[in-house]
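Structure assessment
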Protein chains: 2
Amino acid sequence: MNDDVMDLRARNKQSTREAISHAALRLAIEQGPHGLALVRVHDIATAAGVSPRTYNNYFSSRAEAICAFQADQAGRAGQALRSRPADEPLDQAVIAAMIELYTDPEPDRAGLRMIMSTPELEGEALKAFSMAEGPLAEAIAARTGTDPARDLFPAVTAAAIAGAIRVAGRHWLEPGTTGSFATVLRGALSCVVPAAPPQAPSPTR
Amino acid sequence: MNDDVMDLRARNKQSTREAISHAALRLAIEQGPHGLALVRVHDIATAAGVSPRTYNNYFSSRAEAICAFQADQAGRAGQALRSRPADEPLDQAVIAAMIELYTDPEPDRAGLRMIMSTPELEGEALKAFSMAEGPLAEAIAARTGTDPARDLFPAVTAAAIAGAIRVAGRHWLEPGTTGSFATVLRGALSCVVPAAPPQAPSPTR
DNA sequence: GCACTAGATGCGTGACACGCAAGTTGTGTA
DNA sequence: TACACAACTTGCGTGTCACGCATCTAGTGC
């Protein structure tokens, strides 16, 4: 996709981006879901070692900065699915790919709880998860030999996968839930991902 | 749910809310997806016949006001599913209920395009669609006799349904798509909603 | 008819996103 | 190595916004 060897510029850019989003998430966690308003842009920028103006060059809202990690991770979903062997059934490939992507390492409970149970972050969190949908749909279409422009199956399945991951996360955060995130995720995904697309493609036009 | 007879206060409140959200959506459509920033709070309030301060008593952001109709509609999804006969298979009930909810009347293309293809509105639009999930999950659990606290099936399916509706909307807006929204919606939903929950409930703990 | 309460409005404040222009640091070339 | 160019950072100024608070208005119930 892109060179393993990035420019110094690109690497600096990447690392300040990570510094900002990491600082934003850390400060948000410190204040908790009810004190989000207390996390000022100035604090995030200072904690990341940049000026407030630079923070705004990278993110146009606090929510975006806080959820950047989730968004980046979701953006890798398509690639994760493509890396599975082509002869694997769709459901098994999806489950294996998503478990690898989302449990290596096991998610940080505090961070996940922050972005998933803070009303002000809800929209941005949904946006982050939905970033997986486009690439996922393409990967599904490629794997199943369906034409995404004519058949809704890839896009719908991608949306269902993103939704299942979200639901799994929410459930995993509930008090009393034992078991690894991988187990929960497998259970959620197996509810909605078929082994193969339906024979009669859904008509679209 | 609530009395058919609302008091005058409640009716006024409801109509003010609708006036504001309607004005917000109308002005947004006038400016188009690329001119959203030109829609000022003051304009919305004036168009709705209230003061800017009152606008803020109802909505805490322009996006929220613009997407209020979608959010309200999504909030009725659970009720729509419950109104289907109890002996109908899950998939047929869901499809019938969602088609009734979302095609009576046929959606307004301009409005739907506005909220679904404007980046600044994306988060709020996703939030609006996701408002269907909670009630839908409860209705699904009730219909299938599953315990939502122990089985992920209802919540995952609800999320998949919301996602399918979203994808159907996006597809229906694409140029070159003929056919009613009902047709597209049926095709999308039939990709992910099973006739019955899987025999072995997904383990959750 | 009257006291009470929910909602509407005006004002003031703190924060934020972003355009602009200047300064700083990395890159490719002679 | 030196230099010209491009990318990135920063400070400043501006317009907008969300919201707390106090006040006024209109609907409700006795």
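Refer to the preceding data block for the structure.
Below or above, wherever it landed, is the structure these notes cover. Since the model is a prediction, treat every value here as computed from it, not as a measurement. (Residues numbered from 1 in each chain as written. Chains lettered and ligands numbered in written order. Predicted model: local features only at pLDDT ≥ 70, side-chain atom pairs only at ≥ 80, totals over all residues. Heavy atoms only, no water.)

Take the protein's contact with DNA strand D next. Around DNA strand D lies a shell of 21 residues, among which Thr54, Asn57 and Tyr58 of chain A together with Leu8 and Arg53 of chain B are the nearest. Taking the atoms of DNA strand D that fall within 4 Å of the protein, sugar and phosphate contribute 61% of them. Measuring from a phosphate oxygen of DNA strand D, one finds a side-chain N or O atom of Lys13 of chain A at 3.4 Å. The separation between a phosphate oxygen of DNA strand D and a polar side-chain atom of Tyr58 of chain A is 2.8 Å. Sorting the residues of the surface near DNA strand D by element identifies α1 (8-31) and α3 (52-58) of chain A together with α1 (8-31) and α3 (52-58) of chain B as the ones contributing at least two each. Sorting elements by how many residues they give to the surface near DNA strand D places α3 of chain A first, with four residues. For the surface near DNA strand D, a count of residues per class yields six nonpolar, seven polar and eight charged. (Near = heavy atom within 4 Å. Polar contact = N/O pair within 3.5 Å; in protein donor to acceptor, adjacent residues only side chain to side chain. Helix = DSSP H or I, 4+ residues; strand = E, 2+ residues; numbered from the N terminus. Nonpolar A, V, L, I, M, F, W, Y, C, P; charged D, E, K, R; others polar.)

This brings us to the side chain of Gln73 of chain B. Residues and elements named next belong to chain B. Tracing the sequence through the fold places Gln73 in helix α5 (residues 68-75). The class of Gln73 is buried, set by a relative accessible area of 8%. Beyond its immediate stretch of four places on either side in the chain, Gln73 contacts Leu101 and Tyr102. (Buried < 20%, exposed > 50% of the residue type's maximum accessible area, 1.4 Å probe, protein only. Contact = heavy atoms within 4.5 Å.)

Under the fitted operation, chain B is carried onto chain A by 0.0 Å of movement along the axis and a turn of 180°, and the coordinates agree to an RMSD of 0.1 Å. What the rotation and shift describe, once combined, is the action of a two-fold rotation axis. Taken as a fraction of all interface residues of chain B, those also at the interface in chain A reach 100%, which identifies the copy contact as same-surface. (Least-squares fit on C-alpha atoms with pLDDT ≥ 70 in both.)

Below, the discussion takes up the packing of helix α7 (residues 90-102) of chain B against helix α11 (residues 153-173) of chain B. Residue and element names in this part refer to chain B. Two numbers describe how α7 lies on α11: the axes approach to 12 Å, and their chain directions differ by 40°. With respect to each other, α7 and α11 are oriented oblique. You can see that α7 and α11 cross each other, and the crossing is right-handed. Where α7 abuts α11, its residues Leu90, Val94, Met98 and Tyr102 lie against Phe153, Ile161 and Ile165. Across the contact of α7 with α11, the residue classes break down as seven nonpolar, no polar and no charged. (Axes fitted to C-alpha atoms, helices over the stretch in contact; angles between N-to-C directions. Parallel < 35°, antiparallel > 145°, perpendicular 65-115°, else oblique. Left-handed = near helix turned anticlockwise from the far one by under 90°.)

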